[in-house]
Amino acid sequence: MIYEQELTKEQRKKSQLNYIGYNAINGASYMCIGETIIILLATKLNAPAYIISIIGAMIYFSYMLIPLGLIRTAKVGAAKSLADFWLYRNFSALLLIGSVFAAPYCAWLSWLMIILGAFLFYGFRGAMVVMGFPLMGEITNENERAKFIGNSNAFFYLLGVIT
């Protein structure tokens, strides 16, 4: 929910719990696709070494989409942008999943799908990073911010490890 006025203590607490819940789910979903999982998928689909190298570089190459996050946040706000880009990031995973089904018919198409899927997955993730801190600044005060960031990150990594 988006409020037009400064948040009350109850609204901040509710928003903080929602953000921690989001971060926990985000940690679990990220571990299902992120980091080396994409490289392992490409390896399983017999991608050549140069394709694996390209995929490995996508996490950095996709930083090009960070300005997209800044532009979107300026237009509609951090909360709405974060929700949208989280959805886009997870939809980009469909390209990665689709590569498995394309592989028996056309190897190069499956590799292209992995490259594009990795670029979009990491790009949307990068665009989301710029939204987190302004949002955390709105739902916390100076006294609770450090503890909140620690708890939020702890739930992200805890669910990531469990996943």
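Residues numbered from 1 in each chain as written. Predicted model: local features only at pLDDT ≥ 70, side-chain atom pairs only at ≥ 80, totals over all residues. Heavy atoms only, no water.

A. Structural context of the pattern of salt bridges. Enumeration over the complete set of coordinates arrives at four salt bridges. Residue Arg-12 is joined to Glu-144 by a salt bridge in which the shortest nitrogen-to-oxygen separation is 2.9 Å. With a gap of 132 residues between them, Arg-12 in helix α1 (residues 9-33) and Glu-144 in helix α7 (residues 142-162) connect regions that are remote in the sequence. For the pair formed by Arg-12 and Glu-144, the shared burial category is buried. Between Lys-80 and Asp-84 there is a salt bridge whose closest N-O contact spans 3.1 Å. Separated by four residues within a single helix, Lys-80 and Asp-84 lie in helix α5 (residues 78-102), roughly one turn from each other. The buried category is assigned to Asp-84, whose relative accessible area is 11%. (Salt bridge = Lys/Arg side-chain N within 4 Å of Asp/Glu carboxyl O. Helix = DSSP H or I, 4+ residues; strand = E, 2+ residues; numbered from the N terminus. Buried < 20%, exposed > 50% of the residue type's maximum accessible area, 1.4 Å probe, protein only.)

B. Spotlight on the packing of aromatic side chains. Counting across every chain of the model gives 12 aromatic pairs. Relative to Phe-121, the ring of Tyr-30 has its centre 5.7 Å away and its plane inclined at 20°; by these criteria the two rings are stacked. One end of the pair, Tyr-30, is in helix α1; the other, Phe-121, is in helix α6 (residues 107-139), with 91 residues separating them in the sequence. Here Tyr-30 falls in the buried class, since its relative accessible area comes to 2%. Ring geometry for Phe-85 against Phe-124: centres 5.8 Å apart, planes inclined by 50°, an arrangement best described as tilted. (Phe/Tyr/Trp six-rings, centres within 6.5 Å; stacked < 30°, edge-to-face > 60°.)

C. Structural view of a nonpolar patch on the surface. A cluster of nonpolar side chains, Leu-87, Tyr-88, Phe-91, Leu-94, Ile-97, Val-100 and Phe-101, forms an exposed patch at the surface whose accessible area comes to about 700 Å². Counting through the fold element by element, Leu-87 comes out in helix α5. (Patch = residues over 30% accessible without salt bridge, like charges linked within 9 Å, V, L, I, M, F, W, Y side chains within 5 Å. Areas by Shrake-Rupley, 256 points an atom, 1.4 Å probe, with all protein chains shown as cover.)

D. Layout of the nonpolar core. By size, the foremost hydrophobic cluster in this structure holds 38 residues, and its most contacted members are Tyr-19, Ile-38, Ile-55, Leu-82, Ile-114 and Tyr-122. Sorting the residues of this core by element identifies α1, α2 (36-44), α3 (49-61), α5, α6 and α7 as the ones contributing at least two each. Per element, the largest residue contribution to this core is 14 residues, and it comes from α6. Apart from the residues lying within four places of it in its own chain, the contact partners of Ile-114 are Ile-38, Leu-41, Ala-42, Leu-45, Ile-55, Leu-96 and Ser-99. (Core = buried A, V, L, I, M, F, W, Y, C linked by side-chain atoms within 4.5 Å. Contact = heavy atoms within 4.5 Å.)

E. Broad picture of the packing of α2 against α6. Running from N to C, α2 and α6 cross one another at 175°; their axes reach a closest spacing of 11 Å. Classed by the angle they form, the pair α2 and α6 counts as roughly antiparallel. Of the residues in α6, those touching α2 at Ile-38, Leu-41 and Ala-42 are Ile-114, Ala-118, Phe-121 and Tyr-122. (Axes fitted to C-alpha atoms, helices over the stretch in contact; angles between N-to-C directions. Parallel < 35°, antiparallel > 145°, perpendicular 65-115°, else oblique.)

By themselves, these are just geometric observations and shouldn't be taken as functional.
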